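Working through the structure, step by step
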Amino acid sequence: FDIAEAGKNVTSVQPTVDEINRSLTAYGFNNFYIAPSPQNANMYQIKRPDGTLASNTLSEGEETFITFLYYLQLAKGSANAATVSNRKILVIDDPICSLDSTILYVVSAMVKELIKEVKHGDSNIEQVFILTHNIFFHKEASFVNGRTSSESSVNYWIIRKNENESSITAYGQENPIST
């Protein structure tokens, strides 16, 4: 049993399918699921419970949520056996667009769990950048340890765009968003 063979197990489609479907079911998405593609190796299909393809009939919120779940799974592994254990830096750009408030909370909880894994070194992810326009998502995703005022591994910035020019203001470890 060599490293290349073990890598094939880590990059297998089925664990990703199982984890995404587990998350969909856990969060009340019972109207579709993903399955390995019978035509293309290492590819997926989105199906309805009756087995019909759902990719053209998903709502924008459903598309957003399943894309986010896939992104998290890909971030934890790799589509390539040679790079599965590489260290990663993630950029999560407003993952809650088109989601209702319940799923917004679910996504923020998943982001918090991801951040906790990164902080504790339980992940191959080194750093996470989260970009959002949504104050509620920001507050939920940054709620850590009873809203501590600062944490050495967390930094905050505000990016503003005015007349087609962007500016970045650093706030260090102090969360600048209060309301």
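Being a predicted model, the structure only gives us computed values, none of them experimental.

Where nonpolar side chains cluster on the molecular surface, the patch consists of Ile89, Val91, Phe129, Leu131, Trp157, Ile159 and Ile168 and spans about 680 Å² of accessible area. Elements that contribute at least two residues to the nonpolar patch include exactly β3 (88-93), β4 (125-131) and β5 (156-162). Relative accessible area serves as the criterion here: at 34%, Leu131 is assigned to the partly exposed category.

Here Ser55 is to be found in the loop between β2 (44-47) and α3 (60-76). Expressed as a C-alpha distance, the spacing of Ser55 and Ile34, which sit 21 residues apart in the sequence, is 10.0 Å. Setting aside residues up to four positions removed in sequence, Ser55 forms contacts with Ile46 and Glu63.

Phi angles above zero are rare outside glycine, and Asp94 is one such case at about 40°. One non-glycine residue with positive phi stands out, namely Asn164, at about 65°. When you line up the elements, Asn164 lands in the loop between β5 and β6 (165-172).

Here the focus is the confidence of the model for the protein chain. Per-residue confidence for the protein chain gives a mean pLDDT of 82; residues scoring 70 or more make up 84%. The least confident element of the protein chain is helix α1 (residues 3-10), whose mean pLDDT is 48; the most confident is strand β1 (residues 33-36), at 94.

On to the pairing of β6. The element β6 is barely covered by neighbouring structure, given that only 0 of its 8 residues are classed as buried. Examined bridge by bridge, β5 and β6 share 7 bridges and lie antiparallel to one another. Within β6, the position partnered with Lys161 by the bridge is Ser166. Where β5 folds back on β6, the antiparallel hairpin that results is connected by 2 residues, among which Glu163 adopts a positive phi of roughly 50°.

Attention shifts here to the packing of aromatic side chains. All chains considered together, the criterion is met by 4 aromatic pairs. The interplanar angle of 85° and the centroid separation of 6.3 Å between the aromatic rings of Tyr27 and Phe65 together place this pair among those described as edge-to-face. Placement of the pair is Tyr27 in the loop between α2 (13-26) and β1 and Phe65 in helix α3, with a sequence separation of 38 residues. For Phe65, a relative accessible area of 0% puts it in the buried group. With centroids separated by 4.7 Å and ring planes inclined at 20°, the aromatic side chains of Phe29 and Phe65 adopt a geometry described as stacked. In this pair, Phe29 sits in the loop between α2 and β1 while Phe65 sits in helix α3, placing the two residues 36 residues apart along the sequence. With relative accessibility at 13%, the residue Phe29 sits in the buried group. Taken together, Tyr27, Phe29, Phe32 and Phe65 form an aromatic cluster joined through their ring pairs.

Here we take up the nonpolar core. One broad rule of soluble globular proteins: the nonpolar side chains tend to lie buried together. Formed by 31 residues in total, the largest nonpolar core has its most connected members in Leu24, Phe65, Val107 and Val111. Looking at which element gives the most residues to this core, the answer is helix α4 (residues 101-119), with 9 residues. Other than its neighbours up to four places away in sequence, Val107 contacts Phe65, Phe68, Pro95, Ile96, Leu99 and Phe137.

Looking now at the packing of α2 against α3. Where α2 contacts α3, the two axes come as close as 10 Å, and the packing angle between them is 135°. In terms of axis orientation, α2 runs oblique to α3. Once α2 is placed against α3, the crossing between them reads as right-handed. In contact with Thr16, Glu19, Ile20, Ser23 and Leu24 of α2, α3 contributes Phe65, Ile66, Leu69, Tyr70 and Gln73. Residue composition of the contact of α2 with α3, by class: 6 nonpolar, 3 polar and 1 charged.

Attention now goes to the pattern of salt bridges. Scanning the entire structure with this criterion turns up 3 salt bridges. Across the pair Glu19 and Arg22 runs a salt bridge whose closest N-O atoms are separated by 2.6 Å. Here Arg22 and Glu19 lie together in helix α2, a separation of 3 residues that amounts to about one turn. Its relative accessible area of 25% is what places Glu19 among the partly exposed residues. Classification of Arg22 by relative accessible area gives partly exposed; the value is 45%. As a salt-bridge pair, Lys116 and Glu113 come within 3.7 Å of each other at their nearest N and O atoms. Of the two residues, Lys116 and Glu113 both sit in helix α4, 3 residues apart, roughly one turn of that helix.

Thresholds, definitions, all that
Residues numbered from 1 in each chain as written. Predicted model: local features only at pLDDT ≥ 70, side-chain atom pairs only at ≥ 80, totals over all residues. Heavy atoms only, no water. Patch = residues over 30% accessible without salt bridge, like charges linked within 9 Å, V, L, I, M, F, W, Y side chains within 5 Å. Areas by Shrake-Rupley, 256 points an atom, 1.4 Å probe, with all protein chains shown as cover. Salt bridge = Lys/Arg side-chain N within 4 Å of Asp/Glu carboxyl O. Helix = DSSP H or I, 4+ residues; strand = E, 2+ residues; numbered from the N terminus. Buried < 20%, exposed > 50% of the residue type's maximum accessible area, 1.4 Å probe, protein only. Contact = heavy atoms within 4.5 Å. pLDDT = per-residue confidence, 0-100. Pairing = 2+ DSSP bridges. Phe/Tyr/Trp six-rings, centres within 6.5 Å; stacked < 30°, edge-to-face > 60°. Core = buried A, V, L, I, M, F, W, Y, C linked by side-chain atoms within 4.5 Å. Axes fitted to C-alpha atoms, helices over the stretch in contact; angles between N-to-C directions. Parallel < 35°, antiparallel > 145°, perpendicular 65-115°, else oblique. Left-handed = near helix turned anticlockwise from the far one by under 90°. Nonpolar A, V, L, I, M, F, W, Y, C, P; charged D, E, K, R; others polar.

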